Amino acid sequence: MAAANLGSTGAADAPGTAHRGRKPAPAASAPCAPGAVVPGATRAAQAGPEHVTEPVAYDAILLAGFGGPEGQDDVIPFLRNVTSGRGIPDERLEEVAHHYRHFGGISPINEQNRQLKAGLEAELARRGVELPVIWGNRNWDPYLNDALAEAKERGFTKLIAIATSAYSSYSSCRQYREDFADALADTGTGDEIQIDKVRQFFDHPGFVQPFIEGVRDGIGGLVADHPGLDRTTEVEVLFATHSIPSTDAAKSGPAERGFGEGGAYAAQHRAVAEVVMREAGATDVPWQLVYQSRSGPPSMPWLEPDINDAIEQLPTAGRKAVVIVPLGFVSDHMEVLWDLDNEALETAQEQGLAAVRVPTPGTHPAYVAGLVDLVLERVHGTPVADRPAMTELGPWYDVCRPGCCENVRLGFRPALAGIAP
Ligand SMILES: CC1=C(CCC(=O)O)c2cc3nc(cc4[nH]c(cc5[nH]c(cc1n2)c(C)c5CCC(=O)O)c(CCC(=O)O)c4C)C(CCC(=O)O)=C3C
Ligand SMILES: [Fe+2]
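Residues numbered from 1 in each chain as written. Chains lettered and ligands numbered in written order. Predicted model: local features only at pLDDT ≥ 70, side-chain atom pairs only at ≥ 80, totals over all residues.

S.K.: Help me understand the environment of Cys404 in this model?
M.R.: Position of Cys404 among the secondary structure elements: in the segment after helix H11 (365-380). Linking Cys404 and Pro361, residues 43 residues apart in sequence, is a C-alpha distance of 26 Å. Once you skip the residues sitting within four places of it in the chain, Cys404 turns out to touch Ser168, Gly253, Pro254 and Gly418. (Helix = DSSP H or I, 4+ residues; strand = E, 2+ residues; numbered from the N terminus. Contact = placed C-beta atoms within 7 Å.)

S.K.: What's the story with the sheet that holds strand S2 (residues 133-137) in this structure? I'm lost.
M.R.: In any sheet, the strands associate via hydrogen bonds between backbone groups, in a parallel or an antiparallel arrangement. A sheet is described by the order of its strands in space; here four strands give the open sequence S2-S1-S3-S4, paired in parallel fashion. The open sheet terminates on both sides in strands that have one partner only, identified here as S2 and strand S4 (194-197). When the angles between neighbouring strand axes are averaged without regard to direction, this sheet yields 30 degrees. In this structure, strand S1 (residues 60-65) lies alongside strand S3 (residues 158-163), joined through five bridges in parallel fashion. In the strand pairing of S3, Ala60 is matched with Leu159. (Pairing = 2+ DSSP bridges. Axes fitted to C-alpha atoms, helices over the stretch in contact; angles between N-to-C directions.)

S.K.: Mind showing me how you'd approach the site of ligand 1 here?
M.R.: Near ligand 1 lie 24 residues; those nearest to it are Gly68, Ser107, Ser295, His333 and Met334. Where the shell around ligand 1 is concerned, the elements lending two or more residues are helix H1 (75-83), helix H2 (90-102), helix H5 (170-186) and helix H10 (334-350). With three residues, H1 is the largest single contributor of residues to the shell around ligand 1. Along the lines of polarity and charge, the residues of the shell around ligand 1 split into nine nonpolar, twelve polar and three charged. (Near = placed C-beta within 6 Å. Nonpolar A, V, L, I, M, F, W, Y, C, P; charged D, E, K, R; others polar.)

S.K.: Teacher, can you tell me more about the nonpolar core here?
M.R.: A general trend in soluble globular proteins is that nonpolar side chains are found buried together. Leu62, Val215, Val325 and Val375 are the most contacted members of the largest nonpolar core, which has 107 residues in total. Split by domain, this core shows at least three residues from each of two domains, domain 1 (2-67 + 104-200 + 364-386) and domain 3 (205-357). Once residues within four sequence positions are removed from consideration, Val375 is found in contact with Ile61, Leu131, Ile160, Ile162 and Val198. Core analysis: the second largest hydrophobic core is formed by six residues, Val75, Phe78, Val96 and Met334 among them. (Core = buried A, V, L, I, M, F, W, Y, C linked by C-beta atoms within 7 Å. Buried ≥ 20, exposed ≤ 12 C-beta atoms within 10 Å, placed from the backbone. Domains from an automatic or database assignment.)

S.K.: I would appreciate a short explanation of unusual backbone geometry in the present structure.
M.R.: Glycine aside, residues mostly have negative phi, and peptide bonds are mostly found in the trans state. With omega at -5 degrees, the peptide bond leading from Asp141 into Pro142 counts as cis. Take Pro142: it is sitting in the loop between S2 and helix H4 (144-154). The omega angle of the peptide bond from Glu304 to Pro305 is 10 degrees, so this bond is cis rather than trans. Phi angles above zero are rare outside glycine, and Ser293 is one such case at about 60 degrees. For Ser293, the location among the structural elements is in the loop between strand S6 (287-292) and helix H9 (307-313).

Take a look at the structure:
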């Protein structure tokens, strides 16, 4: 039995069951984040028992990706999958298709996830954890339905999902949870298979560490290459994330926690950016949070400023160099290759700015180890006080709170791993 060596005793929970107010994990379940709390880590003031679930003897990890096309013929069917019922204008779809076509119709995302899967398997083996990894995507082959068919065939009934998305919002959290519910229904496995999901990991040290290194190296490299460049007045760090509709942003966190403008989504990014600047030893360097890859009709408000507009303002502020940090992305997606490496770097060049784009976590050892830690904290039912979190906002919830990550545009669809509103 796969997880027998993990010493878990927790009873299975029915999918969608609320885990509210459970007693803390038994003392036998050792904290499982060896050295994971890096200097500067903070403990959430608000974290309480509702954040954590009881231990569960999972028998496999479900790596849940976005999915992407892997050839020219895949591009349009993929875009139809992504946008069904979304009201994305045709011109926008053609524009996005062109980004994929430019790269032979191939998104880097599936290869990234194959490598992440291999990295997870190696890290699990290294730690002696016998948990197989199955992989399924929301929007392309292999689909979540395929992964569940595989789970059924291999006799797995308790899955812990890792969605390749770090922050809270409809697109980055609830949409995965809805698609899990759909996939269980589609494959008729809802009665036998339970899917839980690891917490949003925006402030987990494994996710943050690669950005800390990237910002330190990015600023250091620019200063080394441009003698006389004043890092406190002439360099600016732009933390870039996916724009989302303002209505989604407002609903991105639990209803009972007020997060102000941009909701939990923007607050999480701002908090992580602050930690990255501090840990990179760069509190003297100016920075701001910017957005990219907007879609939807122009009449609909999305989070701003757009990264290109922000870059155009930099020379007026006396900047000569820019460090672009893809803070919202776990790996080199098309948004990174096109919207940052192509468009944003070109905008910087037009403005006469020196520019670097720092790496995404990808398969950075700290990130891979961090994802394994996130799984093991669920296997062990690690108490909230022992869960690493680098901002005051986390550690985030094992089970999404009522009203979290709603989508007011698309209406209600059932979702797993959350407490129904
Ligand atoms: C927050 C967020 C993430 C980060 C969380 C995460 O990583 O999951 C993300 C990831 C991704 N988004 C991706 C691709 C697309 N997203 C689209 C559309 C949209 N994304 C949105 C938000 C997000 N998206 C939103 C609010 C829309 C409008 C539709 C709606 O209202 O819900 C469209 C349609 C065309 C367009 O509108 O651009 C495409 C093709 C890919 C694959 C890239 C590759 O192939 O490498 C990835 C990883
Ligand atoms: Fe997207």
